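Chain and residue survey
One-letter residues, chain by chain:
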Amino acid sequence: MPAPDPSETRPTRVWDLPTRLFHWSLVVLVVFNGITGQFAADLGSDWMARHLLSGYAILALILFRLVWGFVGNRHARFAGFVRGPRAVLAYLAALRGRAAAVTHAGHNPLGGWSVMAMLAALTVQVGSGLFLSDEDYGVEAPLAKHVANKTIDLMGSVHEAAFWALLALVATHLAAIAFYRVAKKENLVRPMLTGDKALAGVEAARGGPAWLGALVFALAGCAVWYLVNRI
Ligand code: HEM
């Protein structure tokens, strides 16, 4: 196969379909989950039950993403975007320069860590939620019956703290995307919708087929179903 021509940009596959579906489903569910959690007192107990349901769906997405970080296409794999401190510092130095940032095919070294931070905050958020129960709303998450009241109280505080941490991370995420759009003239959102970035001399990322994504997501869903109904 001839080497790609580095002088011409062309639409190049970066984000596989499962990664994009993961992202936009996560956005919808996190917004829904945040609103139903924060405003449960005004919305009523039915909405608290939906808060739990959307939390389980987020857990399935997190499990999916953890596996996809090993079997997705090369930009979805953790090995493809989790970089050491030297790469992050070099990227920061380049970012401070006047020229437009070098377009990275996948997540840039700094963005890679923000992705990991969001996934970690989401895991703590959902993980702590699994231990909560609230008599006022008549809801009990699946692991609450296995722990003492003291643990439930502690998990309640963790759940609240993780919510604010996640909110701060999402605000930073959106600010970074706006920064790239305005200061660096790079539209990061379109590739997350279409899968393709205009790149020069970069080969399209292969792998991460939809059928494998569906299989991994189905297995993640089964694991969450088992946790909620059988443990
Ligand atoms: C609840 C809100 C959000 C959360 C929790 C969230 C989370 C994430 C995560 C985890 C990733 C990594 C994707 C992956 O590799 O699997 C990501 C990437 C991305 N998100 Fe979001 N996101 C949120 C909202 C948004 C919104 C509203 C937009 C668009 C305006 C957006 C645009 C993007 C883009 C463009 C990327 C790719 C960044 C890059 O090129 O490195 N996100 N987001």
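To keep things clear, this report deals only with the structure shown in the data block. (Residues numbered from 1 in each chain as written. Predicted model: local features only at pLDDT ≥ 70, side-chain atom pairs only at ≥ 80, totals over all residues. Heavy atoms only, no water.)

Some thoughts on the pattern of salt bridges
When their charged atoms lie close together, side chains carrying opposite charge are able to pair. Stated formally: We define a salt bridge as a contact between a side-chain nitrogen of Lys or Arg and a carboxyl oxygen of Asp or Glu at a distance within 4 Å. Secondary structure counts use DSSP, requiring at least four H or I residues in a row for a helix and at least two E residues in a row for a strand, with both numbered from the N terminus. Three exposure classes are used, based on accessible area relative to the maximum for each residue type with a 1.4 Å probe and protein chains only: buried under 20%, partly exposed in between, and exposed over 50%.
Scanning all chains against the criterion turns up two salt bridges. The closest approach of N and O atoms between Asp196 and Arg13, which form a salt bridge, is 2.8 Å. One end of the pair, Asp196, is in strand 4 (residues 196-200); the other, Arg13, is in strand 1 (residues 9-13), with 183 residues separating them in the sequence. The salt bridge partner of Arg206 is Glu203, with a shortest N-O separation of 3.9 Å. When its relative accessible area of 36% is taken as the criterion, Glu203 is described as partly exposed.

Some remarks on the site of the ligand
Put simply, the rule reads: Proximity is defined per residue: any heavy atom of the residue falling within 4 Å of a molecule or strand makes that residue near it. Between N or O atoms, a polar contact is any pair within 3.5 Å; within protein, one atom must be a potential hydrogen donor and the other a potential acceptor, and residues adjacent in sequence are included only when both atoms are from side chains. Points on a 1 Å grid, built from protein atoms alone, make a cavity when a 1.4 Å probe fits but cannot get out and make a pocket when they are open with protein on both sides within 12 Å along at least 5 of 7 lines; residues with an atom within 4 Å of a point are the lining residues. A molecule is said to be in a cavity or pocket once over half of its atoms fall within 2 Å of that pocket's grid points. Residue polarity follows a fixed list, in which Ala, Val, Leu, Ile, Met, Phe, Trp, Tyr, Cys and Pro are nonpolar, Asp, Glu, Lys and Arg are charged, and the others, Gly among them, are polar.
Neighbouring the ligand are 19 residues, the closest being His23, Arg65, His107, His173 and Leu188. Interatomic distance of 2.5 Å between a side-chain N/O atom of Arg65 and an oxygen atom of the ligand. In the environment of the ligand, an oxygen atom lies 2.7 Å from a nitrogen or oxygen atom belonging to the side chain of His107. When atom positions are compared with the pocket grids, the ligand is found to occupy the largest pocket. Contributing elements (two or more residues each) for the shell around the ligand: helix 1 (17-38), helix 6 (109-129), helix 7 (149-182) and helix 8 (189-194). Top element by residues in the shell around the ligand is helix 1. It accounts for seven residues. Grouping the amino acids of the shell around the ligand by side-chain chemistry returns 14 nonpolar, four polar and one charged.

Section: the side chain of Thr36
Put simply, the rule reads: The contact criterion used is simple: two residues touch if any of their non-hydrogen atoms lie within 4.5 Å.
Along the chain, the position of Thr36 falls in helix 1. Overall, the relative accessible area of 1% leaves Thr36 in the buried class. Among the polar contacts made by the side chain of Thr36, one reaches the main-chain carbonyl oxygen of Asn33 at a distance of 3.1 Å. Setting aside anything within four residues of it in sequence, one finds Thr36 in contact with Leu43, Trp47 and His51.

Function cannot be inferred from these measures alone, as they are strictly geometric.
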